[in-house]
Amino acid sequence: MNKILVIDDEQPIREEVMEWLQFEGYDVTGAQNGKVGLEAINRMMPDLVLCDISMPEMDGHEVLIELRSNPTFNHIPFVFLTAAADRDSVRKGMNLGADDYLTKPFTHAEVLSTVHSRLQKQQALTGQIQHQIDSLHNALDKEHERLLLKSRLVAMFSHDFRKVALKVARVSA
């Protein structure tokens, strides 16, 4: 079950989005501002974050900057849910590393579609990374086998060379 964190200072919006997602079977947690949201991220390691921008204590941009600067969390898909719909706001959010941007008022279908899409993309990326890791493990295993064979051949040739050298030494003595 995917874990989703919804960070929004507007309680009715936060609770409604959480209900939509819970109804779809997601494990959902809410946070009333960015500071509480970051604490929740550290605690629960969500699979996706939905976050408002304008909030007290720590705004959504600051949350995103913190996430993207931390190697433990920088892979988590991050979606802004905000009333800031002007082009500059959208561009700023995307430039900071947001994966998507939904403007208020948004619909139930838009939220669910975005969440589903972002989680699928993350799953595909995780699959690609796992494939690369598996390929590297296979290459390392083959290299280890090659080095082991080389070591055995060197030992065998050294042994045979010593035997021949002893015979030559006996013959010439």
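Refer to the preceding data block for the structure.
The model shown is predicted, which means the values in this text are computed figures rather than measured ones. (Residues numbered from 1 in each chain as written. Predicted model: local features only at pLDDT ≥ 70, side-chain atom pairs only at ≥ 80, totals over all residues. Heavy atoms only, no water.)

1. A closer look at the nonpolar core
And step 1. Within the largest apolar cluster, 21 residues are counted, with the highest numbers of intra-cluster contacts made by Leu5, Ile7, Ile41, Val49, Val63 and Phe78.
And step 2. Of all the elements in the fold, those that place two or more residues in this core are strand 1 (3–7), helix 2 (34–44), strand 3 (48–51), helix 3 (60–68) and strand 4 (78–82).
And step 3. Broken down by element, this core gets its largest block of residues, four residues, from helix 2.
And step 4. If sequence neighbours within four positions are ignored, Ile41 has contacts with Leu5, Pro46, Val49, Val63, Leu67, Phe73 and Ile76.
And step 5. Counting residues in hydrophobic clusters, the runner-up holds 18 residues, among them Met18, Leu21, Leu50 and Leu112. (Core = buried A, V, L, I, M, F, W, Y, C linked by side-chain atoms within 4.5 Å. Buried < 20%, exposed > 50% of the residue type's maximum accessible area, 1.4 Å probe, protein only. Helix = DSSP H or I, 4+ residues; strand = E, 2+ residues; numbered from the N terminus. Contact = heavy atoms within 4.5 Å.)

2. Considerations on the pairing of strand 3
And step 1. Burial along strand 3 is two-sided: Leu48 and Leu50 and Val49 and Cys51, pointing in opposite directions, are all buried.
And step 2. Bridge count for strand 1 against strand 3 is four bridges, and the pairing is parallel. By the bridge assignment, Ile4 is partnered in strand 3 with Leu48.
And step 3. Bridging between strand 3 and strand 4 involves three bridges; their strand directions are parallel. From the neighbouring strand, Leu50 faces strand 4, where its bridge partner is Val79.
And step 4. Following the chain from strand 3 across helix 3 to the adjacent parallel strand 4, one finds a crossover that is right-handed. (Pairing = 2+ DSSP bridges. Right-handed = clockwise from strand over helix to strand, strands pointing away.)

3. Looking at a nonpolar patch on the surface
And step 1. A cluster of nonpolar side chains, Leu149, Leu153, Met156 and Phe157, forms an exposed patch at the surface whose accessible area comes to about 390 Å².
And step 2. For Phe157, a relative accessible area of 52% gives the class exposed. (Patch = residues over 30% accessible without salt bridge, like charges linked within 9 Å, V, L, I, M, F, W, Y side chains within 5 Å. Areas by Shrake-Rupley, 256 points an atom, 1.4 Å probe, with all protein chains shown as cover. Salt bridge = Lys/Arg side-chain N within 4 Å of Asp/Glu carboxyl O.)

4. Regarding the pattern of salt bridges
And step 1. Using the criterion set out here, one finds six salt bridges in the structure.
And step 2. Residue Lys104 is joined to Glu10 by a salt bridge in which the shortest nitrogen-to-oxygen separation is 3.5 Å. Of the two residues, Lys104 sits in the loop between strand 5 (100–103) and helix 5 (108–172) while Glu10 sits in the loop between strand 1 and helix 1 (11–23), which places them 94 residues apart along the sequence.
And step 3. Given the relative accessible area of 38%, Glu10 is considered partly exposed.
And step 4. We note a salt bridge from Arg68 to Asp99, for which the minimum N-O separation is 2.9 Å. One end of the pair, Arg68, is in helix 3; the other, Asp99, is in the loop between helix 4 (87–95) and strand 5, with 31 residues separating them in the sequence.
And step 5. Via salt bridges that share partners, Asp8, Glu10, Asp52 and Lys104 belong to a single interconnected network.

5. Points about the packing of aromatic side chains
And step 1. What the rule picks out here adds up to three aromatic pairs.
And step 2. Consider the rings of Phe78 and Phe80, whose centres lie 5.0 Å apart with planes at 80°: the pair is edge-to-face.
And step 3. Residue classification places Phe78 among the buried positions, given a relative accessible area of 0%.
And step 4. Their ring planes at 65° and their centres at 5.8 Å tell us that Phe80 and Tyr101 sit as a pair that is edge-to-face. Taken together, the residues Phe80 in strand 4 and Tyr101 in strand 5 connect sequence positions 21 residues apart. (Phe/Tyr/Trp six-rings, centres within 6.5 Å; stacked < 30°, edge-to-face > 60°.)

6. A short note on the side chain of Thr82
And step 1. By the secondary structure assignment, Thr82 is in strand 4.
And step 2. Given a relative accessible area of 2%, Thr82 falls into the buried group.
And step 3. Leaving out residues up to four positions away in the same chain, Thr82 has contacts with Asp52, Ile53, Tyr101, Leu102, Thr103 and Lys104.

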